[in-house]
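A closer look at the structure
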Amino acid sequence: MTTAPSRPTPRVADLGNGVWTVPVPIPDNPLGVTLVYVLETEAGPVLVDAGWDDPISYQALVDGLIEVGTTIEDVHGVLVTHAHPDHHGLSEKVREASGAWIALHAADAEQVDLINNAPREAWLRHHLEVLTLAGAPQDALDALTRHREVSVTRPRLHYAVPDRELVHGELAPAPGRAIRTVWTPGHTPGHVCLHLEDGDGRLLSGDHLLPSITPHIGLYDEAEEADPLGDFLASLTRVAQLPITGVLPAHEHVFSDAAGRAAEVAALHEERLSALRTRLCERSLTLWQIAEGMDWNRPWAQLGAQNRQLALSEAAAHLRHLVKRGRAQAEAGGGPARYTAL
Ligand SMILES: [Zn+2]
Ligand SMILES: [Zn+2]
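Computed from a prediction, not measured in an experiment: that's the story for all the values here.

Here we come to the overall build of the protein. Each helix and strand in the protein was counted, giving 10 helices and 14 strands. Computed over its C-alpha atoms, the radius of gyration of the protein comes to 21 Å, within 12% of the 20 Å expected for a compact globule of 342 residues. Here the C-alpha coordinates of the protein stretch approximately 65 × 50 × 45 Å along the principal axes. Counting across all 342 residues of the protein, residues that qualify as buried make up 49%. Pairs at least 24 apart in sequence give 64% of the contacts found in the protein among residues at least 6 apart. As displayed, the protein offers around 16,200 Å² of accessible surface, 53% of which is attributable to carbon and sulfur atoms. One way to put it: in the protein the 27 positive side-chain charges average out to a point 7 Å from where the 45 negative ones average out.

As structure tokens, then:
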């Protein structure tokens, strides 16, 4: 019998200069934990991310803060790197317990508004249109409809509406500390990293820069001008140019070489782009065919409907970026869109 390699369970740790890490579990998720960071400020502890909204996760955060030497009631504010549930999920509970403010970039505040308020029927209609244009087979359309029928019976996901805005280049609201907001769109439109200045130099990188895994880059915006992968590659360059002494990511573990890792991740996407272009030189493909032929962590046939949706969105982001670079184009004609190399 073989067992999955066990990764060491991260623990609450003092990382020096008024920074602690509190691992908050993400139930039933291979990522394991979100690393919430606690920053000491003149007004009390400020959190960077809050964790997944689940009683087990909340308890881990409450207990972790006690281990750090403070309490959940003392939290002054929450700086959210991006509006994903493993980062922003618990923000509301922290605010309720402490009266803390919640700060987020405007572009992700817009995503929060969409998630909280977009009509559910329009969501299904829109995604069916996207799948049809991608050339998805009928069983994929049926799977999406079934998934939606089940999910509308569940209570609607509600994200905390932020009180403050994180603005690129400005200092985050953490009294007595110099924490610079660095806008790093790509994984989400409003993802930010936070750079600890004042002789510290470490970067709180959220999901933008992780030591061994890479964040999902999907085509989150259908608008023609959107280019999330282009944004992500530019955000990698932006981070690589900062004077960074160490990286405090939201998953996995602390590491040191920000510029080296940024270059590795960029090279990985360049490889995928060039592999995709090679395929488009051979014959024209629909987005569905493109996604089917890309490398995923499991064979395409074994991916469930939701993972296929993520894969399709990631394939779309790569295809969009090739089109933006003038290396691929859509063929004229009706029906599902087909793409060729340029
Ligand atoms: Zn994320
Ligand atoms: Zn994450």
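Once that is clear, we can look at the domain arrangement of the protein. Once the domains are mapped, the protein shows domain 1 (13-112 + 156-264) and domain 2 (119-155 + 279-341). Taking the mean C-alpha position of each, domain 1 and domain 2 sit 29 Å from one another. Each side of the interface is counted separately: domain 1 has 16 residues, and domain 2 has 15 residues. Contact between domain 1 and domain 2 buries roughly 1,300 Å² in total, counting both sides, with carbon and sulfur atoms accounting for 52%. Where domain 1 touches domain 2, the interface holds 8 residue pairs in polar contact (both at pLDDT 80 or more). Class assignment for the residues of the side of domain 1 that touches domain 2 results in 7 nonpolar, 3 polar and 6 charged.

On to the coordination of the zinc ion (ligand 1), then. Of the protein atoms, only His-82 (NE2), His-84 (ND1), His-187 (NE2) and Asp-207 (OD) coordinate the zinc ion (ligand 1), at distances of 2.1 to 2.3 Å. Seen from the zinc ion (ligand 1), its 4 donor atoms lie at angles of 91 to 172°, and the figure they make is irregular. In primary sequence terms, the donor set of the zinc ion (ligand 1) follows H-x1-H-x102-H-x19-D. Separation of the zinc ion (ligand 1) from the zinc ion (ligand 2) amounts to 3.6 Å, with Asp-207 serving as a shared donor to the pair. For His-82, a relative accessible area of 0% translates into the label buried.

Another point: the pattern of salt bridges. Should their charged atoms come close, side chains of opposite charge can pair. Tallied over the entire structure, the rule returns 8 salt bridges. Residue Arg-95 is joined to Glu-92 by a salt bridge in which the shortest nitrogen-to-oxygen separation is 3.1 Å. Taken together, the residues span about one helical turn, with Arg-95 and Glu-92 both in helix α3 (residues 91-98) at a distance of 3 residues. The class of Arg-95 is buried, set by a relative accessible area of 17%. Residue Glu-92 is classed as partly exposed on the basis of its relative accessible area, which comes to 25%. A single network of salt bridges, built from pairs that share partners, joins Glu-92, Arg-95 and Asp-163.

Rules used in this analysis
Residues numbered from 1 in each chain as written. Chains lettered and ligands numbered in written order. Predicted model: local features only at pLDDT ≥ 70, side-chain atom pairs only at ≥ 80, totals over all residues. Heavy atoms only, no water. Helix = DSSP H or I, 4+ residues; strand = E, 2+ residues; numbered from the N terminus. Rg over C-alpha atoms; globule rule 2.2 N^0.38 Å. Buried < 20%, exposed > 50% of the residue type's maximum accessible area, 1.4 Å probe, protein only. Contact = heavy atoms within 4.5 Å. Areas by Shrake-Rupley, 256 points an atom, 1.4 Å probe, with all protein chains shown as cover. Lys, Arg positive; Asp, Glu negative; His and termini not counted. Charge placed at Lys NZ, Arg CZ, Asp CG, Glu CD. Domains from an automatic or database assignment. Buried area = accessible area lost by both parts, 1.4 Å probe. Polar contact = N/O pair within 3.5 Å; in protein donor to acceptor, adjacent residues only side chain to side chain. Nonpolar A, V, L, I, M, F, W, Y, C, P; charged D, E, K, R; others polar. Donors = N, O, S within 2.8 Å, 3.2 Å for Na, K, Ca; no water. Tetrahedral: all angles 85-135°; square planar, octahedral: opposite > 155°, others 65-115°. Salt bridge = Lys/Arg side-chain N within 4 Å of Asp/Glu carboxyl O.

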